[in-house]
Amino acid sequence: MATGERAIGRVRRVNGPVVEAAGVADARMLELVRVGEAALVGEVIKLSGDRAVIQVYEDTTGVRPGEPVVGTGMPLSVELGPGLVGTIYDGIQRPLEALRASGGDFIGRGMSAPALDRGRRWHFTPSLAVGADVVPGAVLGTVPETARVEHRVLAPPDVSGRLSWAAREGEYGVEDVVAVVETSAGERRISMLQRWPIRTPRPAGRRLPASVPLVTGQRVVDTLFPLARGGTVAIPGGFGTGKTMTQHAVAKWCDADLIVYVGCGERGNEMTDVLTEFPKLVDPRTGRSLMERTILIANTSNMPVSAREASVYTGAALAEYYRDMGYHVAVMADSTSRWAEALRELSGRMEEMPAEEGFPAYLATRIASFYERAGSMETLGGSEGSVSIIGAVSPPGGDFSEPVTQHTRRFVRAFWALDRQLANARHYPSISWLDSYSEYADEVRPWWEERVGPGWTADRAEMVGLLRKEVRLLQVAKLVGSDALPDSQRFVIEVCSLFKDAFLRQDAFDEVDRYTSPEKQARMLALVLLYWRRGSLAIKKGATFVELRRVKAVRDIVSARYAIAEGDDKAFDRVAARLERAIDDLEGDYGR
Ligand code: ADP
Ligand code: MG
């Protein structure tokens, strides 16, 4: 037995991933334990009298009553240090190198593969001189972790004092001591490898306002329903409506420094897609492989449910660690419904009283405890970092009134509602412009105005207004027929449908269309509104709706998303000029 390990009881009963132990003397709640001869990884989730209920993260087949249970003295924790980025883990942070190699399964039972490679050497450069003050979270040194992530070795949150020794620049393993801090409680030897319990949020300083958007390059998101850095959003949608595609698009193109992608209970081949696709994809801003900023946590449907339950917290803890280095991290979880189902299964096995639809009564608290880990923070070390959380929700039958969707809604501030009818009509992303919302829209407005110009707020507001108006007009048109509407109103419907085709639709498979910068989004929006404003005037002067619809330059507005490259402002100017000329000509026909 390793240090801190001691026998704490014996297996009494095995019920799938839930094991009851008897004769338990000194176990602690949430203590990490080893169950049975096979030493399976588990966690104490209930203690009463001399009984303990243990959630086991591995297949318990073959575990028999009477086998020993060993306590480790530690809560279920992640290993933190260089080597996380670019790695694929399971829900309790065991490296799945095997999965990458074979496209199949995974590690043997009871295996304690360390999360961080002990043999690997890293080039450490100290940041502080001996004698310097060390505050919690201070950067003690740096390591080039990947070509695009500089790993900052931090003083742990409970360490402060004076640096009494620092390693010289050179090659070190994660367990080598790289700094010694003289604290009021004595000397602390610090290596690059640190641990943190997954269910405990890492401490940070002040919470900062969520006023900078996480730019995703997805137009419907950035322009209409923005996510802020440090914000939370849910993507609810029925099967096949595009949750995974949306998550992947955001993971690929958003401007976070780091992505933690938690594949949670979905099919294994979707994770394999990520594994094969991400290394090949190149970030448009840095020209580097996207895998150089990504950590993957895979808990596919064929892996143990309890590890799935843990996986979202594992993801949150890793994300917070990089936040504490001053990075902006985005966490995706696909799907939180599969995660909630894992909770339900475990709760059922523990014979707890079920609440709505069989979910445990603590479902809402657990969902909250995940989304609460998002935030834009001043770090302990004094820099700024953020964790944004993007959770897919897959309600059975696409019915948003079910418990997971409803509770999630309470804890997120943005909602990208996927619409079955849009998906069926191949309008992708099928994010509904009517059912979605973002409470960050107001907060990120100054950022947009500064970035793309002061006209943006008015443009966006006008387009949102038109989409609302269109809903009412379509209702009327349904009753009386659209021919009965005046041209000015038919033109509203026309402009909205142009906006949907030219702007809201975005093809994830097209090299140009898959990512649109804020500048290009603003120009595309402005083109649609130019058509709207100039066209409305022309109608007032006698032009007809049908004539406006025939204007050829409208086709250039529709194709701009594919045909105009990033940064090609001249091309936008040309389309705008052509459009204005065409509408001028129309007006000319009415005697002006
Ligand atoms: P879900 O995860 O909701 O079950 P997926 O994300 O797997 O759904 O999407 C299902 C299919 O819809 C995809 O295989 C793809 O063909 C199509 N699709 C979804 N979003 C897009 C998009 N932005 N561009 C092109 N096709 C899309
Ligand atoms: Mg999916």
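Residues numbered from 1 in each chain as written. Chains lettered and ligands numbered in written order. Predicted model: local features only at pLDDT ≥ 70, side-chain atom pairs only at ≥ 80, totals over all residues. Heavy atoms only, no water.

A. Seen up close, the overall build of the chain. Along its length, the chain carries 16 helices and 25 strands. Each of the three principal axes of the chain carries a C-alpha extent, and together these read 95 × 55 × 40 Å. The 592 residues of the chain split such that 56% are buried. Contacts in the chain between residues far apart in sequence, at least 24 positions, make up 70% of those at least 6 positions apart. Total accessible area on the chain stands at roughly 24,200 Å², and carbon and sulfur atoms take up 51% of it. Between the averaged position of the 74 positive side-chain charges in the chain and that of its 79 negative side-chain charges there is a distance of 2 Å. (Helix = DSSP H or I, 4+ residues; strand = E, 2+ residues; numbered from the N terminus. Buried < 20%, exposed > 50% of the residue type's maximum accessible area, 1.4 Å probe, protein only. Contact = heavy atoms within 4.5 Å. Areas by Shrake-Rupley, 256 points an atom, 1.4 Å probe, with all protein chains shown as cover. Lys, Arg positive; Asp, Glu negative; His and termini not counted. Charge placed at Lys NZ, Arg CZ, Asp CG, Glu CD.)

B. Looking closely at the side chain of Ser347. Examined against the element boundaries, Ser347 turns out to sit in helix α6 (residues 336-349). Once residues lying within four places of it in the same chain are set aside, the contact partners of Ser347 are Glu352, Pro360 and Tyr362.

C. Spatial organisation of the nonpolar core. Counting 89 residues, the largest nonpolar core has Ile390, Trp416 and Tyr531 as the members making the most contacts within it. Shared between two domains, this core takes at least three residues from each, and those domains are domain 3 (206-441) and domain 4 (453-591). Excluding anything up to four places from it in sequence, Ile390 contacts Leu214, Leu227, Val233, Ile235, Gln247, Val250, Ala330, Val331, Met332, Ala333 and Trp416. One finds Tyr172, Val262, Val329 and Val404 within the second-largest nonpolar core, a separate group that totals 63 residues. (Core = buried A, V, L, I, M, F, W, Y, C linked by side-chain atoms within 4.5 Å. Domains from an automatic or database assignment.)

D. Quick peek at the domain arrangement of the chain. Split into domains, the chain comes out as domain 1 (6-74), domain 2 (117-193), domain 3 (206-441) and domain 4 (453-591). Between domain 1 and domain 2, the C-alpha centre-to-centre distance is 36 Å.

E. Structural context of helix α16 (residues 569-588). In a regular helix each residue adds 1.5 Å, so 20 residues correspond to 28 Å; α16 covers 28 Å between its end C-alpha atoms and thus fits that length. Within the sequence span of α16, burial applies to Ala571, Phe572, Val575, Ala576, Leu579, Ile583, Leu586 and Glu587. What you see down the axis of α16 is that its buried residues fit within an arc of 155°, all on one side. Exposed residues on α16 whose side chains face more than 90 degrees from its buried face are Lys570 and Asp585. Of the surrounding secondary structure, the elements contacted by the buried residues of α16 are α13 (518-540), α14 (545-550) and α15 (553-563). (Expected span 1.5 Å × (residues − 1). Arc of directions from axis to C-beta.)

F. Structural context of the sheet that holds strand β6 (residues 68-75). Sheet architecture is closed into a barrel: six strands sit in the order β1-β2-β5-β4-β3-β6, paired in antiparallel fashion. On average, each strand axis in the sheet is inclined to that of its neighbour by 45°, with strand direction left out of account. Bridging between strand β1 (residues 6-15) and β6 involves four bridges; their strand directions are antiparallel. Residue Arg10 lies in a different strand from β6, and its bridge partner there is Pro68. (Pairing = 2+ DSSP bridges. Axes fitted to C-alpha atoms, helices over the stretch in contact; angles between N-to-C directions.)

G. Local environment of the site of ligand 1. The full set close to ligand 1 counts 14 residues, and Gly240, Gly242, Lys243, Thr244 and Met245 are the nearest of them. Contact between ligand 1 and Met245: an oxygen atom at 2.7 Å from a main-chain N or O atom of the residue. In isolation ligand 1 has 560 Å² of accessible area, and contact with the protein removes 76% of it. In the shell around ligand 1, the residues fall into six nonpolar, six polar and two charged. Counting contributing residues per domain, the shell around ligand 1 is built from domain 3 (206-441) and domain 4 (453-591), each supplying no fewer than three. (Near = heavy atom within 4 Å. Polar contact = N/O pair within 3.5 Å; in protein donor to acceptor, adjacent residues only side chain to side chain. Nonpolar A, V, L, I, M, F, W, Y, C, P; charged D, E, K, R; others polar.)

H. Up close: the environment of Tyr172. Following the sequence through the fold, Tyr172 ends up in strand β14 (residues 170-172). Under the relative-accessibility criterion, Tyr172 is labelled buried at 16%. Separated by 298 residues in sequence, Tyr172 and Glu470 place their C-alpha atoms 63 Å apart. Discounting chain neighbours no more than four positions away, the residues touching Tyr172 are Arg120, Arg121, Trp122, Phe124, Ala167, Val178 and Met192. At 2.6 Å, the side chain of Tyr172 forms a polar contact with the backbone oxygen of Arg168.

I. Inspection of unusual backbone geometry at higher detail. The linkage connecting Asp334 with the following residue, Ser335, adopts the cis geometry, with an omega of 5°. Secondary-structure assignment places Ser335 in the loop between β21 (328-334) and α6. Look at the link from Tyr428 to Pro429: it is a cis peptide, with omega at -10°. Within the secondary structure, Pro429 is located in the loop between α9 (420-424) and β25 (437-438). Here the phi dihedral of Ala39 falls at roughly 55°; this positive angle occurs in a residue that is not glycine. The backbone phi angle of Arg426 is positive, close to 60°, even though this residue is not glycine. Take Arg426: its relative accessible area is 58%, and that puts it in the exposed class.

J. Fine view of the packing of aromatic side chains. Across all of its chains, the model carries twelve aromatic pairs by this definition. Considering the side-chain rings of Trp447 and Trp448, the 5.6 Å spacing of their centres and the 80° angle between planes classify their relative orientation as edge-to-face. Side by side, Trp447 and Trp448 carry an identical accessibility label, which is buried. A network of ring pairs unites the aromatic residues Phe400, Phe415 and Tyr437 as a single cluster. The cationic tip of Arg344 hangs over the ring face of Phe359; the distance from NZ or CZ to the ring centre is 4.3 Å. Residue placement shows Arg409 over the ring face of Phe415; its charged tip is 4.1 Å from the ring centre. (Phe/Tyr/Trp six-rings, centres within 6.5 Å; stacked < 30°, edge-to-face > 60°. Lys NZ or Arg CZ within 6 Å of the ring centre and 35° of its normal.)

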